Amino acid sequence: MQDIVRVDLAERGYDIVIGPGVIAQAGARISALAGRRPVVVVTDDTVAPLHLPALEASLEGAGVRRNGPAIVLPAGEKTKSFAHLEALLDDLLGRGIERSTLLVALGGGVIGDLAGFAAAVALRGLDFVQVPTTLLAQVDSSVGGKTGINTRQGKNLVGSFHQPRLVLADTGVLATLSRRHMLAGYAEVVKYGLIDDAGFFAWLEEHGAAVCAGEPEALVRAVTVSCAAKAAIVGQDERESGRRALLNLGHTFGHALEAAVGYDDRLLHGEGVALGMGLAFDLSARLGLCGAEDPGRVRRHLDAIGLPTRLGQVAGVTWDTQELLGHMAKDKKVQDGRITFVLARGIGQAFTARDIDGREVAAVLDRAR
Ligand code: NAD
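Residues numbered from 1 in each chain as written. Predicted model: local features only at pLDDT ≥ 70, side-chain atom pairs only at ≥ 80, totals over all residues. Heavy atoms only, no water.

As for the overall build of the protein
- Within the protein, the regular secondary structure consists of 13 helices and eleven strands.
- A compact globule built from 369 residues would reach a C-alpha radius of gyration of about 21 Å, and the protein, at 20 Å, matches this within 12%.
- Referenced to the eigenvectors of the C-alpha coordinate spread, the extents of the protein come out at roughly 60 × 40 × 40 Å.
- Evaluated residue by residue, the protein yields a buried proportion of 57% over its 369 residues.
- Of all intrachain contacts in the protein linking residues separated by at least 6 positions in sequence, the fraction that spans at least 24 positions is 75%.
- Total accessible area on the protein stands at roughly 14800 Å², and carbon and sulfur atoms take up 49% of it.
- Each charge class in the protein can be summarised by its mean position, and for the 39 positive and 43 negative side chains these summaries are 3 Å apart. (Helix = DSSP H or I, 4+ residues; strand = E, 2+ residues; numbered from the N terminus. Rg over C-alpha atoms; globule rule 2.2 N^0.38 Å. Buried < 20%, exposed > 50% of the residue type's maximum accessible area, 1.4 Å probe, protein only. Contact = heavy atoms within 4.5 Å. Areas by Shrake-Rupley, 256 points an atom, 1.4 Å probe, with all protein chains shown as cover. Lys, Arg positive; Asp, Glu negative; His and termini not counted. Charge placed at Lys NZ, Arg CZ, Asp CG, Glu CD.)

Written as structure tokens, this is what we have:
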């Protein structure tokens, strides 16, 4: 049971290999890609004890050359920082890496974004391979080439587009992921159905519980359909000048919620996206764009899976509509002071819109508490 999705970007195109046991083939696949070039693995201290031995055994079995032991960084969002970028670059340069060195990022979105950015800037650009170990990273962050770090002004404000050479999404490693992180990644899976694939959303309504329970076939299908959807969009609009913005469905609201909470564990990114998708459908229905029943259908599914669908479900947070609007106005996707929303004419019919009346947005937020 294995799928390969191609990200079609001419000479920067690459394969996403999806299925249980893909890490066991990492050595063979990386040596086919890199030959005798030296490899450095970057991971975090939660993933290292769980999945690094299998990756290292596979690299060794295939005779892949290594430049030193794996670099193990602290797990968590705080690692996506200037300080850790500097330490990582220091370590890499201290090992005497060359332009031919290949970085392998083993971990969730934090490790993928940070190691990917280090690969983009070290010696003006190294090749890198993503080995995503969270559902969110497998269906979203490891694909498409966005890399970067957070700064004190906000999330992902410093970074680069730098495509990986290969993505190895071993769905088997998700067995060790916490249920909460599994569900947070699942929100991004639902997003692809809501953007332009109503059939996939209907399939998720039936099989989403199996996906989240890690049932192998359902999981591979969900990751494959999601990666194919993202690959198609990235293939058309690599640098987000148009269609790629659809991938932000639920994110304009979601980022504002995350910012209001202060990016701590009370609200994971995917949970913010789940809440945000409900709000985007509320706004669409309020503006008469989609049917009045659509927001309810979206929420029913997210709710059934166990994702938050009401702001009141986020414990210990008092929401303030004006504050949330303020965060939206600071989003990095604001252009000429206008916020871009991803709205929908129905499930699977998303589109981007500007010039949305702030009072309508405020009304939706007021009603969501
Ligand atoms: P993460 O990397 O912090 O992983 C979540 C937690 O799960 C961490 O504690 C990690 O150590 C642990 N973990 C990872 N794999 C595990 C496994 N198999 N078993 C047990 N534990 C495991 O977070 P994430 O949710 O993967 O990614 C979030 C990040 O991704 C954010 O920084 C976000 O900005 C970024 N992101 C980037 C893009 C992009 O296009 N580049 C898209 C979406 C999100």
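Topic: the site of the ligand
- For the ligand, the set of nearby residues contains 25 residues, the closest of which are D44, G109, T133, T134 and T176.
- At a separation of 3.5 Å, a nitrogen atom of the ligand approaches a polar side-chain atom of H51.
- Between the ligand and N156, the relevant distance is 3.3 Å, taken from an oxygen atom to a side-chain nitrogen or oxygen of the residue.
- If the ligand stood free it would expose 860 Å²; the protein chains cover 89% of that surface.
- Residues that form the shell around the ligand fall into these classes: seven nonpolar, ten polar and eight charged. (Near = heavy atom within 4 Å. Polar contact = N/O pair within 3.5 Å; in protein donor to acceptor, adjacent residues only side chain to side chain. Nonpolar A, V, L, I, M, F, W, Y, C, P; charged D, E, K, R; others polar.)

Digging into the packing of helix α7 (residues 198-212) against helix α8 (residues 216-236)
- Put simply, α7 and α8 touch, their axes get as near as 9 Å, and they point 140° apart. With respect to their mutual orientation, α7 and α8 come out oblique. Between α7 and α8 lies a crossing whose hand is left-handed. Two secondary-structure elements touch here, α7 through F200, W203, A210 and V211 and α8 through A218, L219, R221, A222, V225 and S226.
- Across the contact of α7 with α8, the residue classes break down as eight nonpolar, one polar and one charged. (Axes fitted to C-alpha atoms, helices over the stretch in contact; angles between N-to-C directions. Parallel < 35°, antiparallel > 145°, perpendicular 65-115°, else oblique. Left-handed = near helix turned anticlockwise from the far one by under 90°.)

Concerning helix α10 (residues 269-286)
- Counted at 1.5 Å a residue, the expected span for α10 with its 18 residues is 26 Å, and the 25 Å between its end C-alpha atoms agrees.
- With respect to burial, α10 is a largely interior element, 15 of its 18 residues being buried.
- Two residues or fewer past α10, G288 is found with a positive phi of approximately 75°. (Expected span 1.5 Å × (residues − 1).)

Considering the environment of Y263
- Residue position: Y263 is located in the loop between α9 (251-261) and α10.
- The class for Y263 is partly exposed, based on a relative accessible area of 34%.
- The spacing of Y263 and E77 is 186 residues in sequence and 8.6 Å in space, taken between C-alpha atoms.
- With near-sequence residues (within four places) excluded, Y263 lies in contact with K155, H255 and E258.

Brief notes about the pattern of salt bridges
- Scanning all chains against the criterion turns up 24 salt bridges.
- Ionic pairing is found between E11 and R12, a salt bridge with its closest N-O pair at 4.0 Å.
- Assessed through its relative accessible area of 38%, R12 is described here as partly exposed.
- Residue R338 is joined to D355 by a salt bridge in which the shortest nitrogen-to-oxygen separation is 3.2 Å. With R338 in the loop between α12 (321-329) and β10 (341-344) and D355 in the loop between β11 (350-353) and α13 (358-368), this residue pair connects regions lying 17 residues apart in the sequence. (Salt bridge = Lys/Arg side-chain N within 4 Å of Asp/Glu carboxyl O.)

Side note on the domain arrangement of the protein
- Here the domain parsing of the protein yields domain 1 (3-176) and domain 2 (179-368).
- In this structure, domain 1 and domain 2 have C-alpha centres spaced 26 Å apart.
- Facing the 26 residues of domain 1 at the interface are 27 residues of domain 2.
- Summed over both sides, the interface of domain 1 with domain 2 buries roughly 2400 Å², with 67% coming from carbon and sulfur.
- Three residues, L135, V139 and F161, lead the burial of domain 1 against domain 2; their summed loss comes to 25% of the area buried on that side.
- Residue E240 pairs with K146 through a salt bridge whose shortest N-O separation is 2.6 Å.
- Counting the contacts that link domain 1 with domain 2 gives eight residue pairs in polar contact (both at pLDDT 80 or more).
- Going through the elements one at a time, β1 (3-7), β2 (14-19), α5 (135-141) and β8 (154-161) are the ones with two or more residues in the side of domain 1 that touches domain 2.
- The element contributing the most residues to the side of domain 1 that touches domain 2 is α5, with five residues. (Domains from an automatic or database assignment. Buried area = accessible area lost by both parts, 1.4 Å probe.)

Here's the deal with the state of the cysteines
- Counting across every chain of the model gives zero disulfides.
- Here C212 is not disulfide-linked; the sulfur of C227 is the nearest cysteine sulfur, at 16 Å. (Disulfide = S-S within 2.5 Å.)

What about the packing of aromatic side chains?
- Summed over the entire model, instances satisfying the criterion amount to two aromatic pairs.
- Pairing F200 with W203 gives two aromatic rings, centres 6.0 Å apart and planes at 15°, and the pair type is stacked. Of this pair, F200 and W203 both sit in helix α7, three residues apart, roughly one helical turn. For the pair formed by F200 and W203, the shared burial category is buried. (Phe/Tyr/Trp six-rings, centres within 6.5 Å; stacked < 30°, edge-to-face > 60°.)

Section: the side chain of S284
- Here S284 is to be found in helix α10.
- You can call S284 buried: its relative accessible area is 1%.
- At 2.7 Å, the side chain of S284 forms a polar contact with the backbone oxygen of A280.
- With sequence-adjacent residues up to four places away left out, S284 is seen in contact with L289, C290, L343 and A344.

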